[in-house]
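Fold and geometry: a report
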Amino acid sequence: MADAEPAQSVAKPFIRAMPPAGQPPIQRDSKSGIDPAAIRRMNLNESPFPPSPKAIAAMQEAATRVNYYPDPVWRDLTAALADHTGHPQNRIVLANGSDELIVAAGRIVLSPGDEVLVPVPSFPSYNKTAAVNGASLVAVKVRQDGAADTEGMLAAVTDRTRIVFLATPNNPTGGILSTEEVVSFAKALPPTTLLVLDEAYYEYGIHGGGSDHLAAMAEVTNVPWVAFRTFSKAYGLAGMRVGYGLCGSDEVAGWFQKVRSTFNVNAVAQAGALAALGDQAHMKSIVQRTFVERQRLEAGLARLGCESFPSVGNYLSSKTPKPAAEVVAELEKRGIMIGRLMAPGYEGYIRITTGRAEDTDALLAALEEVLA
């Protein structure tokens, strides 16, 4: 007996229309044949340096109690973040990485036919949160310095714009905006939009001469807003997945509380983030060591004929003399994983995560061979 015809898919039309899901490649995905343990992973903007020893000890201790659920409202960590940032504790919402917050923003605001306004190139998760909610993506090219073009983005706002993602420092170009630019941009938005200020690389931006926009954003009352930050980057806790949203009002905080899952940040992660936050000296040492290697990497790329955006993040995006896809593939054959920019108009750019000194040396040596 022949199989019955499959029933019509129950998935939403805009889910069915999306391309197959892809995931960020790690060493085990490499087709180079090289032992994954020997591959240098310089493609995911992670810290090459481990977190504070205090964080490691706190996580080890917390692991002895994982038979119990974690605190569902993250009391200790939000209290510490309130002290650290000066932001009201009840307006701080935690998440399983800031990726969860990006998903939540779409869940809160978007309906089919809405628009999501983003800089380009920028973080791919913005595109996904638009697509899964049936919204359209409106992209505005970044400035020459790699920062979001706030004037161009304002010109692209329509009566269908529901979320505006503004990343500073911008990933993958690393450009930063001044507080004046951020606040002026926010005040010019219509009240029917949610402004998401993505500050995943906040600590690097401060080190690079940027300023904290949070106090000045308190003046912004015309539009709902939230700032996303994370422990994944400068604190070296990418594997624990702890992001947090600093909400501009009680109402916005309430929205994010409504859509999240109950136990969204595990107990070990909460303990590690709390201890990491308490060791600011270690975090600053990670940022400083990253800065040193980023400078070395940028200088080496320039010697090889590559033109880089002036990044303050833990990564560099550079235009190469050869096609970016070819460069990425050839470096993988040599045991080095990097990324490339997928946005239209930036096909010639590679993106490299800043690593340790030995990673910088190996990358530059291999790239010299590839570009020869």
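Residues numbered from 1 in each chain as written. Predicted model: local features only at pLDDT ≥ 70, side-chain atom pairs only at ≥ 80, totals over all residues. Heavy atoms only, no water.

**Some words on the side chain of Thr353**
Among the structural elements, Thr353 can be located in strand β13 (residues 349-353). Owing to a relative accessible area of 3%, Thr353 belongs among the buried residues under this scheme. Within polar-contact distance, the side chain of Thr353 engages the backbone nitrogen of Asn45 at 2.7 Å. The residues touching Thr353, leaving out its near neighbours within four places in the chain, are Met42, Asn43, Leu44, Asn45, Glu46, Asn314 and Tyr315. (Helix = DSSP H or I, 4+ residues; strand = E, 2+ residues; numbered from the N terminus. Buried < 20%, exposed > 50% of the residue type's maximum accessible area, 1.4 Å probe, protein only. Polar contact = N/O pair within 3.5 Å; in protein donor to acceptor, adjacent residues only side chain to side chain. Contact = heavy atoms within 4.5 Å.)

**Topic: the pairing of strand β3 (residues 115-120)**
In terms of burial, β3 is a largely internal element, six of the six residues being buried. Alternating residues of β3 divide into Glu115, Leu117 and Pro119 and Val116, Val118 and Val120, and every residue in both groups is buried. Pairing geometry for β3 and strand β4 (residues 136-141), over six bridges, is parallel. Bridging across to β4, Val116 finds its partner in Leu137. Note that the unit made of β3, helix α5 (residues 124-131) and β4 has a crossover that is right-handed. Bridge count for β3 against strand β5 (residues 161-167) is three bridges, and the pairing is parallel. By the bridge assignment for β5, Leu117 is matched with Val164. (Pairing = 2+ DSSP bridges. Right-handed = clockwise from strand over helix to strand, strands pointing away.)

**Overview of helix α10 (residues 250-259)**
Within α10, burial applies to Val252, Ala253 and Phe256. On an axial view of α10, the arc spanned by its buried residues comes to 100 degrees, and they lie on one face. Counted as exposed and oriented over 90 degrees from the buried face of α10: Glu251 and Lys258. Residues of α10 that are buried make contact with β2 (92-95), α4 (98-109), β7 (225-230) and β8 (243-247). (Arc of directions from axis to C-beta.)

**Points about the sheet that holds strand β10 (residues 315-319)**
Judged by pairing direction, the sheet is antiparallel, and its four strands sit side by side in the order β9-β10-β13-β12 without closing on themselves. Only two strands of the sheet have a single partner each, and these edge strands are β9 (307-308) and β12 (339-340). Bridge count between β10 and β13: five bridges; the pairing is antiparallel. Bridging from a neighbouring strand, Ser318 pairs with Ile350 of β13. Packing against the sheet, helix α12 (residues 280-303) makes contact with β9, β10 and β13, and its axis sits at approximately 10 degrees to β10. (Axes fitted to C-alpha atoms, helices over the stretch in contact; angles between N-to-C directions.)

**Observations regarding the UniProt feature "domain: Aminotransferase class I/classII large" (unreviewed entry) in the protein**
The sites that UniProt annotates as "domain: Aminotransferase class I/classII large" (unreviewed entry) are residues 43-367. Note that residues 43-367 is 41% helix and 17% strand, and that its end C-alpha atoms are spaced 15 Å apart. (UniProt positions renumbered as here; feature names shortened; annotations may be inferred.)

**Points about the UniProt feature "modified residue: N6-(pyridoxal phosphate)lysine" (unreviewed entry) in the protein**
When the UniProt feature table is mapped to this numbering, "modified residue: N6-(pyridoxal phosphate)lysine" (unreviewed entry) covers Lys233. Of note, Lys233 is situated in the loop between β7 and β8. Setting aside chain neighbours within four positions, we find Lys233 in contact with Leu44, Asn45, Ser47, Ala200, Tyr201 and Tyr204.

**As for the sheet that holds β7**
Spatially, β2-β8-β7-β6-β5-β3-β4 is the arrangement adopted by the seven strands of the open sheet, whose pairing is mixed. Looking at the sheet topology across the chains shown, the edges are occupied by β2 and β4. Strand-to-strand twist across the sheet, computed as the mean angle between neighbouring axes with direction ignored, equals 20 degrees. With four bridges joining them, β2 and β8 adopt antiparallel strand pairing. Along β8, the bridge assignment pairs Ile92 with Leu246. Seen against the sheet, α10 touches β2, β6 (194-198), β7 and β8 and runs at an angle of roughly 55 degrees to β7.

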